[in-house]
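The chain contents come next:
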Amino acid sequence: MVYYSDKITSMAGELQSKINHLLHVWPAGTVAALPWLEKHGVYQQLAYEYERTGWLRRVGPGAYVRLNDNVDWTGALFALQTHLKLPIHVAAKTALELKGFGHFVPVGKGSVVYLFGPKNVRPPPWYLRHPWGRQIQYFVPKLFGGVDSLGLTSHSFPNFEVQTSTPERAMMEALYLTPKEQGVEEAFHLMEGLTGLRPDLVFSLLRNCRSVKVKRLFLALAKRCNHSWLTSLHTSKLDLGKGKRVVTPGGKLDKEFQITLPPLGETGEDRG
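About the cut-offs
- Residues numbered from 1 in each chain as written.
- Predicted model: local features only at pLDDT ≥ 70, side-chain atom pairs only at ≥ 80, totals over all residues.
- Heavy atoms only, no water.
- 1 Å grid on protein atoms, 1.4 Å probe; cavity = no way out; pocket = protein on both sides within 12 Å on 5 of 7 lines; lining within 4 Å.
- Points joined across faces, edges and corners; volume = space filled by probe spheres on them.
- Nonpolar A, V, L, I, M, F, W, Y, C, P; charged D, E, K, R; others polar.
- pLDDT = per-residue confidence, 0-100.
- Contact = heavy atoms within 4.5 Å.
- Pairing = 2+ DSSP bridges.
- Helix = DSSP H or I, 4+ residues; strand = E, 2+ residues; numbered from the N terminus.
- Axes fitted to C-alpha atoms, helices over the stretch in contact; angles between N-to-C directions.
- Core = buried A, V, L, I, M, F, W, Y, C linked by side-chain atoms within 4.5 Å.
- Buried < 20%, exposed > 50% of the residue type's maximum accessible area, 1.4 Å probe, protein only.
- Polar contact = N/O pair within 3.5 Å; in protein donor to acceptor, adjacent residues only side chain to side chain.
- Left-handed = near helix turned anticlockwise from the far one by under 90°.
- Expected span 1.5 Å × (residues − 1).
- Salt bridge = Lys/Arg side-chain N within 4 Å of Asp/Glu carboxyl O.

## Concerning the layout of surface pockets
Here's step 1: Computed from the structure, the largest pocket encloses a volume of approximately 250 Å³.
Here's step 2: Considered class by class, the residues forming the lining of the largest pocket number seven nonpolar, five polar and six charged.

Structural data, given as C-alpha coordinates:
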(Lines give C-alpha, C1' and ligand atoms only; values in the text may rest on other atoms or scores of the structure.)
Protein backbone atom coordinates (compact mmCIF):
# COMPACT_ATOMS: atom_id res chain seq x y z
CA MET A 1 0.00 0.00 0.00
CA VAL A 2 2.85 2.36 0.74
CA TYR A 3 4.33 1.57 -2.66
CA TYR A 4 0.99 2.29 -4.37
CA SER A 5 0.69 5.61 -2.52
CA ASP A 6 4.21 6.58 -3.52
CA LYS A 7 3.38 5.76 -7.14
CA ILE A 8 0.28 7.96 -7.07
CA THR A 9 2.29 10.78 -5.53
CA SER A 10 4.97 10.39 -8.19
CA MET A 11 2.38 10.49 -10.99
CA ALA A 12 0.78 13.59 -9.51
CA GLY A 13 4.18 15.24 -9.30
CA GLU A 14 4.89 14.38 -12.94
CA LEU A 15 1.56 15.86 -14.04
CA GLN A 16 2.26 18.99 -12.04
CA SER A 17 5.75 19.24 -13.51
CA LYS A 18 4.38 18.91 -17.07
CA ILE A 19 1.72 21.57 -16.62
CA ASN A 20 4.26 23.90 -15.00
CA HIS A 21 6.58 23.48 -17.98
CA LEU A 22 3.68 23.93 -20.40
CA LEU A 23 2.53 27.16 -18.79
CA HIS A 24 6.11 28.44 -18.79
CA VAL A 25 6.62 28.00 -22.55
CA TRP A 26 3.05 28.86 -23.57
CA PRO A 27 2.81 32.50 -24.74
CA ALA A 28 0.12 34.35 -22.82
CA GLY A 29 -2.89 35.38 -24.89
CA THR A 30 -2.64 32.50 -27.36
CA VAL A 31 -4.43 29.28 -28.21
CA ALA A 32 -2.48 26.04 -27.95
CA ALA A 33 -3.29 23.55 -30.72
CA LEU A 34 -2.85 19.84 -30.13
CA PRO A 35 0.26 19.36 -32.35
CA TRP A 36 2.11 21.92 -30.24
CA LEU A 37 0.84 20.39 -26.98
CA GLU A 38 2.04 16.97 -28.11
CA LYS A 39 5.52 18.36 -28.77
CA HIS A 40 5.58 19.27 -25.09
CA GLY A 41 4.39 15.84 -23.95
CA VAL A 42 0.71 16.72 -23.52
CA TYR A 43 -1.29 14.28 -25.63
CA GLN A 44 -5.06 14.30 -26.06
CA GLN A 45 -5.88 12.25 -22.97
CA LEU A 46 -3.64 14.37 -20.76
CA ALA A 47 -5.13 17.55 -22.22
CA TYR A 48 -8.57 16.21 -21.24
CA GLU A 49 -7.26 15.62 -17.72
CA TYR A 50 -5.89 19.16 -17.46
CA GLU A 51 -9.22 20.44 -18.73
CA ARG A 52 -11.08 18.38 -16.12
CA THR A 53 -8.88 19.60 -13.31
CA GLY A 54 -9.25 23.25 -14.32
CA TRP A 55 -5.91 24.08 -15.89
CA LEU A 56 -7.14 24.36 -19.48
CA ARG A 57 -10.30 25.42 -21.29
CA ARG A 58 -11.19 23.95 -24.66
CA VAL A 59 -12.26 26.37 -27.43
CA GLY A 60 -12.63 23.68 -30.07
CA PRO A 61 -11.43 20.19 -31.02
CA GLY A 62 -7.71 20.06 -30.30
CA ALA A 63 -7.55 23.73 -29.29
CA TYR A 64 -7.09 25.04 -25.74
CA VAL A 65 -6.52 28.21 -23.77
CA ARG A 66 -5.32 28.63 -20.22
CA LEU A 67 -8.31 28.81 -17.92
CA ASN A 68 -8.35 32.53 -17.11
CA ASP A 69 -6.36 33.81 -20.07
CA ASN A 70 -7.75 36.57 -22.27
CA VAL A 71 -7.40 35.30 -25.85
CA ASP A 72 -8.74 37.08 -28.92
CA TRP A 73 -8.68 36.33 -32.65
CA THR A 74 -5.00 37.28 -32.93
CA GLY A 75 -3.85 34.76 -30.32
CA ALA A 76 -5.94 32.10 -32.03
CA LEU A 77 -4.51 33.03 -35.43
CA PHE A 78 -1.04 32.58 -33.93
CA ALA A 79 -1.93 28.93 -33.30
CA LEU A 80 -3.20 28.49 -36.86
CA GLN A 81 -0.02 29.93 -38.33
CA THR A 82 2.53 28.51 -35.87
CA HIS A 83 1.07 25.25 -34.56
CA LEU A 84 -1.02 24.12 -37.53
CA LYS A 85 1.29 25.66 -40.17
CA LEU A 86 -1.63 27.15 -42.12
CA PRO A 87 -0.56 29.88 -44.62
CA ILE A 88 -3.35 32.24 -43.58
CA HIS A 89 -2.57 35.91 -42.99
CA VAL A 90 -4.19 39.12 -41.80
CA ALA A 91 -5.25 40.99 -44.91
CA ALA A 92 -6.90 44.05 -46.43
CA LYS A 93 -8.36 46.63 -44.02
CA THR A 94 -7.50 44.58 -40.95
CA ALA A 95 -3.80 44.56 -41.87
CA LEU A 96 -3.95 48.33 -42.42
CA GLU A 97 -5.58 48.67 -39.01
CA LEU A 98 -2.75 46.71 -37.34
CA LYS A 99 -0.16 48.91 -39.07
CA GLY A 100 -1.80 52.11 -37.85
CA PHE A 101 -3.67 53.09 -41.02
CA GLY A 102 -7.09 52.30 -39.64
CA HIS A 103 -8.54 55.78 -39.20
CA PHE A 104 -11.42 54.86 -41.46
CA VAL A 105 -11.63 51.21 -40.42
CA PRO A 106 -14.51 50.25 -38.11
CA VAL A 107 -12.93 48.58 -35.07
CA GLY A 108 -14.14 47.11 -31.83
CA LYS A 109 -16.64 44.42 -31.00
CA GLY A 110 -18.46 43.05 -34.01
CA SER A 111 -16.21 44.62 -36.62
CA VAL A 112 -14.87 42.43 -39.40
CA VAL A 113 -11.47 40.71 -39.45
CA TYR A 114 -10.27 39.94 -42.98
CA LEU A 115 -8.06 36.91 -43.49
CA PHE A 116 -6.69 35.65 -46.82
CA GLY A 117 -5.21 32.30 -47.70
CA PRO A 118 -4.40 30.06 -50.68
CA LYS A 119 -6.63 27.62 -52.48
CA ASN A 120 -7.56 24.43 -50.58
CA VAL A 121 -6.65 25.97 -47.20
CA ARG A 122 -9.31 26.87 -44.67
CA PRO A 123 -9.21 27.77 -40.97
CA PRO A 124 -10.56 25.02 -38.71
CA PRO A 125 -14.27 25.41 -37.87
CA TRP A 126 -13.52 26.22 -34.23
CA TYR A 127 -11.64 29.35 -35.29
CA LEU A 128 -14.47 30.64 -37.46
CA ARG A 129 -17.22 29.79 -34.97
CA HIS A 130 -15.72 30.80 -31.64
CA PRO A 131 -16.97 34.17 -30.29
CA TRP A 132 -13.75 36.20 -30.43
CA GLY A 133 -15.63 39.51 -30.35
CA ARG A 134 -14.87 40.17 -34.03
CA GLN A 135 -16.54 38.73 -37.10
CA ILE A 136 -14.08 36.60 -39.08
CA GLN A 137 -14.26 36.63 -42.88
CA TYR A 138 -11.93 34.38 -44.85
CA PHE A 139 -11.16 34.78 -48.56
CA VAL A 140 -9.19 32.75 -51.09
CA PRO A 141 -8.54 35.38 -53.78
CA LYS A 142 -5.53 33.93 -55.68
CA LEU A 143 -4.55 37.55 -56.11
CA PHE A 144 -0.79 37.18 -56.56
CA GLY A 145 -0.50 33.83 -58.29
CA GLY A 146 2.60 31.83 -57.48
CA VAL A 147 4.18 34.49 -55.25
CA ASP A 148 1.81 34.17 -52.30
CA SER A 149 4.44 35.32 -49.80
CA LEU A 150 5.22 38.59 -51.62
CA GLY A 151 4.44 41.58 -49.44
CA LEU A 152 3.91 39.64 -46.21
CA THR A 153 5.49 40.60 -42.90
CA SER A 154 5.01 39.94 -39.19
CA HIS A 155 3.23 42.03 -36.61
CA SER A 156 4.34 41.82 -32.99
CA PHE A 157 2.08 41.68 -29.99
CA PRO A 158 3.45 41.62 -26.43
CA ASN A 159 3.90 37.82 -26.35
CA PHE A 160 3.66 36.59 -29.94
CA GLU A 161 3.66 37.50 -33.63
CA VAL A 162 1.26 36.92 -36.50
CA GLN A 163 1.84 37.12 -40.23
CA THR A 164 0.13 40.03 -41.93
CA SER A 165 0.20 41.97 -45.18
CA THR A 166 2.42 45.01 -45.58
CA PRO A 167 0.49 48.23 -46.26
CA GLU A 168 1.37 47.92 -49.96
CA ARG A 169 -0.22 44.49 -50.24
CA ALA A 170 -3.03 45.21 -47.79
CA MET A 171 -4.24 48.13 -49.89
CA MET A 172 -4.44 45.93 -52.98
CA GLU A 173 -6.30 43.29 -50.98
CA ALA A 174 -8.75 45.94 -49.80
CA LEU A 175 -9.31 46.96 -53.42
CA TYR A 176 -9.95 43.32 -54.31
CA LEU A 177 -12.86 43.54 -51.85
CA THR A 178 -14.09 46.85 -53.30
CA PRO A 179 -16.93 47.65 -53.74
CA LYS A 180 -18.52 44.61 -52.02
CA GLU A 181 -16.88 44.95 -48.59
CA GLN A 182 -16.24 48.70 -48.63
CA GLY A 183 -17.13 51.51 -51.01
CA VAL A 184 -14.76 53.33 -53.31
CA GLU A 185 -14.88 56.40 -51.08
CA GLU A 186 -13.63 54.44 -48.07
CA ALA A 187 -10.91 52.88 -50.24
CA PHE A 188 -9.89 56.37 -51.33
CA HIS A 189 -9.56 57.51 -47.72
CA LEU A 190 -7.45 54.46 -46.93
CA MET A 191 -5.21 55.27 -49.89
CA GLU A 192 -4.89 58.89 -48.72
CA GLY A 193 -3.01 57.79 -45.62
CA LEU A 194 -0.46 55.67 -47.50
CA THR A 195 2.06 58.40 -48.19
CA GLY A 196 5.15 56.28 -47.51
CA LEU A 197 4.66 53.18 -49.65
CA ARG A 198 7.78 51.60 -51.11
CA PRO A 199 7.76 51.94 -54.91
CA ASP A 200 9.81 48.77 -55.53
CA LEU A 201 7.41 46.62 -53.52
CA VAL A 202 4.37 48.34 -55.03
CA PHE A 203 5.70 47.64 -58.54
CA SER A 204 6.48 43.99 -57.74
CA LEU A 205 3.00 43.47 -56.34
CA LEU A 206 1.31 45.19 -59.28
CA ARG A 207 3.40 43.20 -61.75
CA ASN A 208 2.34 39.92 -60.11
CA CYS A 209 -1.27 40.91 -59.41
CA ARG A 210 -3.80 38.89 -61.40
CA SER A 211 -6.67 41.37 -61.09
CA VAL A 212 -6.88 44.11 -63.72
CA LYS A 213 -9.50 45.87 -61.60
CA VAL A 214 -7.21 45.97 -58.56
CA LYS A 215 -4.24 47.29 -60.54
CA ARG A 216 -6.19 50.03 -62.27
CA LEU A 217 -8.06 51.05 -59.13
CA PHE A 218 -4.86 51.15 -57.09
CA LEU A 219 -3.11 53.41 -59.61
CA ALA A 220 -6.14 55.64 -60.18
CA LEU A 221 -6.66 56.24 -56.46
CA ALA A 222 -2.95 56.86 -55.90
CA LYS A 223 -3.09 59.45 -58.69
CA ARG A 224 -6.12 61.11 -57.10
CA CYS A 225 -4.17 61.27 -53.82
CA ASN A 226 -1.14 62.76 -55.63
CA HIS A 227 1.27 60.41 -53.84
CA SER A 228 4.91 61.16 -54.61
CA TRP A 229 5.89 57.46 -54.74
CA LEU A 230 3.64 57.03 -57.78
CA THR A 231 6.13 58.95 -59.92
CA SER A 232 8.73 56.23 -59.28
CA LEU A 233 6.56 53.48 -60.80
CA HIS A 234 7.10 52.40 -64.39
CA THR A 235 3.39 51.94 -65.07
CA SER A 236 4.04 51.46 -68.80
CA LYS A 237 5.66 48.12 -67.92
CA LEU A 238 2.52 46.84 -66.20
CA ASP A 239 -0.13 44.72 -67.89
CA LEU A 240 -3.33 46.67 -67.22
CA GLY A 241 -5.48 44.69 -69.61
CA LYS A 242 -7.73 46.05 -72.31
CA GLY A 243 -11.10 47.76 -72.37
CA LYS A 244 -12.82 49.86 -69.73
CA ARG A 245 -13.62 48.81 -66.18
CA VAL A 246 -16.62 50.16 -64.29
CA VAL A 247 -16.35 50.26 -60.50
CA THR A 248 -18.90 53.07 -60.06
CA PRO A 249 -21.81 53.00 -62.53
CA GLY A 250 -22.48 56.53 -63.70
CA GLY A 251 -19.09 57.73 -62.46
CA LYS A 252 -16.36 59.52 -64.36
CA LEU A 253 -13.90 57.64 -66.55
CA ASP A 254 -10.25 57.97 -65.57
CA LYS A 255 -8.83 58.18 -69.08
CA GLU A 256 -5.30 57.17 -68.08
CA PHE A 257 -6.28 53.97 -66.31
CA GLN A 258 -9.60 53.37 -68.09
CA ILE A 259 -11.69 52.86 -64.95
CA THR A 260 -14.91 54.59 -63.93
CA LEU A 261 -14.88 56.17 -60.46
CA PRO A 262 -16.83 58.72 -58.44
CA PRO A 263 -15.35 62.27 -58.26
CA LEU A 264 -12.97 61.59 -55.35
CA GLY A 265 -10.23 64.08 -54.53
CA GLU A 266 -10.92 66.12 -57.61
CA THR A 267 -11.05 69.89 -57.93
CA GLY A 268 -13.99 71.64 -59.57
CA GLU A 269 -11.87 71.98 -62.72
CA ASP A 270 -11.26 68.21 -62.71
CA ARG A 271 -14.97 67.53 -62.44
CA GLY A 272 -15.75 69.82 -65.32
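The structure having been displayed, the exposition proceeds.
## A few points about the confidence of the model for the protein
Here's step 1: Taken over all residues, the pLDDT of the protein has a mean of 88, while the share at 70 or more is 88%.
Here's step 2: Below a pLDDT of 50 lies the segment residues 1–11, which in the model reaches zero contacts outside its immediate sequence neighbourhood of four places, other chains included.
Here's step 3: Confidence drops under a pLDDT of 50 for residues 267–272, and excluding neighbours within four residues, the segment shows four contacts in the predicted structure.

## Structural notes on the sheet that holds strand β10 (residues 252–254)
Here's step 1: What the three strands build is an open sheet, ordered β9-β11-β10; its pairing is mixed. Only two strands of the sheet have a single partner each, and these edge strands are β9 (245–246) and β10.
Here's step 2: Helix-sheet contacts for helix α10 (residues 212–225) involve β9, β10 and β11 (259–261), and the interaxial angle to β11 is about 55°.

## Observations regarding the nonpolar core
Here's step 1: Formed by 63 residues in total, the largest nonpolar core has its most connected members in V31, W73, L115, Y127, F218 and L221.
Here's step 2: The element best represented in this core is α10, accounting for eight residues.
Here's step 3: With residues up to four places along the chain from it excluded, the contact list for V31 reads W26, V59, A63, Y64, V65, V71, G75, A76, A79, H83, W126 and W132.
Here's step 4: With 13 residues, the next largest nonpolar core counts A32, L46, A47 and Y50 among its residues.

## Some points on the side chain of S211
Here's step 1: Structurally, S211 can be placed in the loop between α9 (199–208) and α10.
Here's step 2: The class of S211 is buried, set by a relative accessible area of 16%.
Here's step 3: A distance of 3.1 Å separates the side chain of S211 from the backbone nitrogen of V214, its partner in a polar contact.

## Quick notes on the packing of helix α7 (residues 167–176) against α9
Here's step 1: The contact between α7 and α9 brings their axes to 9 Å, and the two run at 40°. In the packing of α7 onto α9, the handedness of the crossing is right-handed. Judged by residue contacts, E168, R169 and M172 of α7 engage L201, V202, L205 and L206 from α9.

## So, α10
Here's step 1: Spanning 14 residues, α10 covers 20 Å between terminal C-alpha atoms, matching the ideal 20 Å at 1.5 Å per step.
Here's step 2: Those residues of α10 lying buried are V212, V214, K215, R216, L217, F218, L219, A220, L221, A222, R224 and C225.
Here's step 3: Count one or two residues on from α10 and you reach N226, which has phi positive near 60°.

## So, the sheet that holds strand β1 (residues 32–33)
Here's step 1: Across the sheet, which stays open at both edges, the three strands sit in the order β1-β3-β2 with antiparallel pairing between neighbours. Each of the sheet's edge strands pairs with one partner strand only, and the pair in question is β1 and β2 (56–60).
Here's step 2: Pairing geometry for β2 and strand β3 (residues 63–66), over four bridges, is antiparallel. Note that in β3 the partner of R57 across the bridge is V65.

## Topic: the pattern of salt bridges
Here's step 1: Taken as a whole and assessed by the stated rule, the structure comprises nine salt bridges.
Here's step 2: Note that E51 and R58 form a salt bridge whose closest N and O atoms lie 3.3 Å from each other.
Here's step 3: The partly exposed category is assigned to E51, whose relative accessible area is 26%.
Here's step 4: Looking at R58, the relative accessible area reads 39%, which means it is partly exposed.
Here's step 5: Note that E173 and R169 form a salt bridge whose closest N and O atoms lie 2.9 Å from each other. Placement of the pair is E173 and R169 together in helix α7, with a separation of four residues, close to one helical turn. Just as E173 is buried, R169 falls in that class too.
Here's step 6: A single network of salt bridges, built from pairs that share partners, joins K223, D254 and E256.

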